[in-house]
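Close look at the chain arrangement
What follows is the residue order along each chain.
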Amino acid sequence: MLYLIGLGLGDAKDITVKGLEAVRRCSRVYLEAYTSVLTVGKEVLEEFYGRKLILADREEVEQEADNILKDADISDVAFLVVGDPFGFQMNLENKAHCQLYKFGETVSIVFWTDTWRPESFFDKVKKNRQNDMHTLCLLDIKVKEQSLENLIKGRKIYEPPRYMSVNQAAQQLLEVVQNQRTRGEDPAVTEETLCVGLARVGAEDQKIAAGTLQQMCTVDLGGPLHSLIITGGSLHPLEMEMLSLFSIPETSSESQSIDGL
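Each chain carries its own residue numbering, running from 1 in the written order of its sequence. Whole-chain, interface and lining totals are the exception, using all residues; otherwise, since this is a predicted model, local features are given only for residues with pLDDT of at least 70 and side-chain atom pairs are given and counted only at 80 or more. Side-chain descriptors were evaluated using all non-hydrogen atoms of the structure, hydrogens and water having been removed beforehand.

**Here we look at the overall build of the protein chain**
Counting from the N terminus, the helices are DSSP H or I runs at least four residues long and the strands are E runs at least two residues long. Within the protein chain one finds ten helices and eleven strands. Burial status across the protein chain gives 43% buried among its 261 residues. Contacts were defined at the residue level, with two residues in contact if any of their heavy atoms lie within 4.5 Å. Here the contacts in the protein chain between residues at least 6 apart in sequence split such that 67% fall between residues at least 24 apart. The method behind every accessible area is Shrake-Rupley, applied with a 1.4 Å probe, and residues are considered shielded solely by the protein chains displayed. Accessible surface, the protein chain as shown: approximately 14200 Å² in total, 52% of it carbon and sulfur. Each residue's exposure class comes from its accessible area (1.4 Å probe, protein chains only) as a fraction of the maximum for that residue type: buried when under 20%, exposed when over 50%, partly exposed otherwise.

Listed below in structure tokens is the structure:
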């Protein structure tokens, strides 16, 4: 397993408890050593972590990433990054998820009601795809909500919590697509658009699934919290390689063929 671990921006103690536990059980621990520095040196980190650190300079990270990844499939390897590891653009990150710099504006998808069915967020999705950028869709959460009757009567009675799933978001998106076609518009997203569904990211039972928007209507990712990524249309070969590991059977996309996906 490869661990990308953020160290924060302060000193040795800014690492998370889970991050520290991972560092102490890894066979090799690399410290990214060219985009930023902590207020303490390598020796202080080694003393606090109880592990020797291997400094990784720009050349090693960008040109010799395979050395860092060597044997990560059979042993634990950690790569320590000052600040947020997912804000660090490098070859290792490209092998791990959709490239951060290819994400456009984030959108929110809310639960529809019988009388309120907003579609305005879709304009941002369209703009992102026109710019060949991915869209992160944050899905609605309803916690401690009151019914209109209880709200009017001032009763402190709350509805059961609801968390939008990838399935529900995909179904609403497909309805937006159909509505646009009915109005004679050319939707930026279709049933065959490649999407990525994510659930409980960072937890031991996290789920990731890559497939068409149509397939997202039926995939089961379990309990909350969920989010959805609508891809920008074209993918980097490393993104395609990574998503193939999470493909839903019989996946297709609107503009590309992904081996194994």
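**Examining the confidence of the model for the protein chain**
What pLDDT conveys is the predictor's confidence in a given residue, as a value from 0 to 100. Within the protein chain, residue pLDDT values average 84, and 85% of them lie at 70 or more. Here residues 93–97 is a poorly scored stretch, pLDDT under 50, and it has 16 contacts once near neighbours within four places are set aside; other chains count.

**Some points on unusual backbone geometry**
Of note, the amide linkage connecting Pro224 to Leu225 takes the cis form, showing an omega dihedral of 0°. If you check the backbone angles, Asp71 has positive phi at about 65° while not being a glycine. Relative to the assigned elements, Asp71 resides in the loop between α4 (65–69) and β4 (77–81). Here Arg200, not a glycine, exhibits a phi torsion of approximately 55°, which is positive.

**What about the pairing of strand β9 (residues 194–199)?**
When you tally the buried positions in β9, you get six out of six residues, the bulk of the element. Burial of β9 is two-sided: the residues Leu194, Val196 and Leu198 facing one way and the residues Cys195, Gly197 and Ala199 facing the other way are all buried. In short, DSSP must find at least two bridges between two strands for them to pair. As defined by bridge partners, β9 adjoins strand β10 (residues 207–212) across six bridges and the pair is classed as antiparallel. Note on β10: the bridge partner recorded for Gly197 is Ala209. In terms of strand pairing, β9 meets strand β11 (residues 226–230) through five bridges, oriented antiparallel. Counted as the bridge partner of Val196 is Ile229 from β11.

**Quick notes on the pairing of strand β2 (residues 28–32)**
In terms of residue burial, β2 counts as a mostly covered element, since five of its five residues are buried. Neither face of β2 is exposed, since Arg28, Tyr30 and Glu32 on one face and Val29 and Leu31 on the opposite face are all buried. Examined bridge by bridge, β2 and β4 share four bridges and lie parallel to one another. Looking at the pairing, Val29 lines up with Ala78 of β4.

**Let's talk about the side chain of Glu119**
By secondary structure assignment, the location of Glu119 is in the loop between β5 (107–109) and α6 (122–130). Whenever two N or O atoms come within 3.5 Å, that pair is a polar contact, provided that in protein one can donate a hydrogen and the other can accept it, and provided that, for residues adjacent in sequence, both atoms are side-chain atoms. A polar contact of 2.7 Å, which involves the side chain of Glu119, links it to the side chain of Asn179. Reaching out from Glu119, the side chain makes a polar contact with the side chain of Arg183 at a distance of 3.3 Å.

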